[in-house]
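Observations on the three-dimensional arrangement
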Amino acid sequence: ATVEDAARRARARGAPQAAAELWDRARMLTPPDDADAWRRTIEAGECHLEAGDTDRACLLLEEVVARLPPGRERAVALTRLAWATSVGHGFHVSVDLFRAALAEIGDDLAARIEIELGLAWSIHVTGDVVAAETHARWAPELAERLGEPSMLASALADMAFFQAIRGQGIPTALIERALELEATQDEWRSILGRPAWVHGMLLEWAGDLDAARSTFTALRDTVLARGDEHTLGYVSHHLGRVECLAG
């Protein structure tokens, strides 16, 4: 438990590489048949992903998926593997993993929301925006039932994203509600799951380049402070696009 506590502290202070090494140690000290073994391996995989080591993250998560029987725990591992795969190989590769997770998750609403959003992002990359929006529409309804503000904020922001790319204009009211909910939450979440990230893209598409630059700059500073290497490229890409559009 002491090593696990140290790993959590390292991640909280923005040191994912140190956290990954500590989670690796914690899982090595855990008997393979212990109930905590799969959970600690997933934590290690997530931290390796944040630190930018996608291959190591995928390797660990694949190990968990292979060891667990079908059910909720395996669905959680499949979801984490799907996100890691999307970073390393693209969202088009992660569709099947998210679908497999959805088939096994059961009645866990929080996990179902994450899977629906993951499917929406993955499917839209393949070009089927209509099917992607169908999955995205499930997430706010489930989040309202769950009553979890941070998940509802992400679900609403993603819905705003899909409405925009479907040519329905900039859904200002939707993204503003998502941002209000986000402002009430203190816990760290990946940039790609945050309303501010979607808001930055909406501002960019609407031509409000100064506001977009300010939003993406703040996100970049947060990413750097957290050591979240795997999302830095996404934020830098959009900052570059804003500068190109601004001339």
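An account of the accompanying structure is given in this report. Since this is a predicted model, take the numbers as computed values, not measurements. (Residues numbered from 1 in each chain as written. Predicted model: local features only at pLDDT ≥ 70, side-chain atom pairs only at ≥ 80, totals over all residues. Heavy atoms only, no water.)

1. Considerations on the overall build of the chain
A tally of helices and strands in the chain yields 13 helices and 0 strands. Computed over the C-alpha atoms, the radius of gyration of the chain is 18 Å, within 12% of the 18 Å expected from 2.2 N^0.38 for a compact globule of 247 residues. Based on the C-alpha atoms only, the size of the chain along its principal axes is roughly 55 × 35 × 30 Å. For the chain, the proportion of its 247 residues judged to be buried stands at 51%. Restricting the contact set of the chain to residue pairs at least 6 apart, pairs at least 24 apart contribute 56%. With an accessible surface of roughly 11,300 Å², the chain has 53% of that area assigned to carbon and sulfur atoms. (Helix = DSSP H or I, 4+ residues; strand = E, 2+ residues; numbered from the N terminus. Rg over C-alpha atoms; globule rule 2.2 N^0.38 Å. Buried < 20%, exposed > 50% of the residue type's maximum accessible area, 1.4 Å probe, protein only. Contact = heavy atoms within 4.5 Å. Areas by Shrake-Rupley, 256 points an atom, 1.4 Å probe, with all protein chains shown as cover.)

2. Things to note about the packing of helix α3 (residues 36–50) against helix α4 (residues 54–67)
When two helices pack together, you describe them by how their axes are tilted relative to each other and by the distance separating the axes. Here α3 crosses α4 at 160°, and the two axes come no closer than 7 Å. Here α4 runs roughly antiparallel to α3, going by the angle between their axes. α3 and α4 meet at a crossing whose hand is left-handed. Between α3, through Ala37, Trp38, Thr41, Ile42, Ala44, Gly45, His48 and Leu49, and α4, the contact on the second element is made entirely by Thr54, Arg56, Ala57, Leu60, Leu61, Val64 and Arg67. Its residues assigned to classes, the contact of α3 with α4 comprises 9 nonpolar, 4 polar and 2 charged. (Axes fitted to C-alpha atoms, helices over the stretch in contact; angles between N-to-C directions. Parallel < 35°, antiparallel > 145°, perpendicular 65-115°, else oblique. Left-handed = near helix turned anticlockwise from the far one by under 90°. Nonpolar A, V, L, I, M, F, W, Y, C, P; charged D, E, K, R; others polar.)

3. Overview of the pattern of salt bridges
Applying the stated criterion across every chain yields a total of 25 salt bridges. A salt bridge links Glu63 to Arg27; the nearest nitrogen and oxygen atoms lie 3.8 Å apart. Of the two residues, Glu63 is situated in helix α4 and Arg27 in helix α2 (residues 16–28); the sequence distance between them amounts to 36 residues. For Glu63, a relative accessible area of 29% gives the class partly exposed. Here Arg27 falls in the buried class, since its relative accessible area comes to 14%. The partner of Glu46 in a salt bridge is Arg80, and the shortest N-O contact between them spans 2.3 Å. (Salt bridge = Lys/Arg side-chain N within 4 Å of Asp/Glu carboxyl O.)

4. Focus: the packing of helix α11 (residues 195–206) against helix α13 (residues 229–246)
Remark: α11 packs on α13, axes separated minimally by 11 Å, with the N-to-C direction vectors making an angle of 20°. Between α11 and α13, the crossing angle belongs to the class labelled roughly parallel. For the crossing formed where α11 meets α13, the hand is left-handed. Contacts between α11 and α13 involve Trp197, Met201 and Glu204 on the former and, on the latter, Tyr234, Val235, His238, Arg241, Val242 and Leu245. When the residues that make up the contact of α11 with α13 are grouped by side-chain class, the tally is 6 nonpolar, 1 polar and 2 charged.

5. Here's the deal with α11
Given a rise of 1.5 Å per residue, 12 residues ought to cover 16 Å, and the 16 Å separating the end C-alpha atoms of α11 matches this to within 8%. Along α11, the positions that sit buried rather than exposed are Pro195, Ala196, Trp197, Val198, Gly200, Met201, Leu202, Leu203 and Glu204. Close packing links the buried residues of α11 with α7 (109–125), α9 (149–165), α10 (172–183), α12 (209–226) and α13. Just past α11, the residue Gly207 takes up positive phi, approximately 90°. (Expected span 1.5 Å × (residues − 1).)

6. Some thoughts on the environment of Ala143
With respect to the helices and strands, the residue Ala143 is situated in helix α8 (residues 129–146). Counting along the chain gives 80 residues from Ala143 to Val223, while the straight-line C-alpha distance between them is 26 Å. When residues no more than four places from it in sequence are discounted, the contact partners of Ala143 are Ile113, Glu148, Met151 and Leu152.

7. A closer look at helix α5 (residues 72–89)
An ideal rise of 1.5 Å per residue puts 26 Å on 18 residues; α5 measures up with 25 Å between its terminal C-alpha atoms. Three or more residues of α5 are buried, namely Ala75, Val76, Ala77, Leu78, Thr79, Leu81, Ala82, Ala84, Thr85 and Ser86. On its buried face, α5 is in contact with α3, α4, α6 (91–104), α7 and α13. Directly beyond the C-terminal end of α5, a positive phi value near 105° is found at Gly90.

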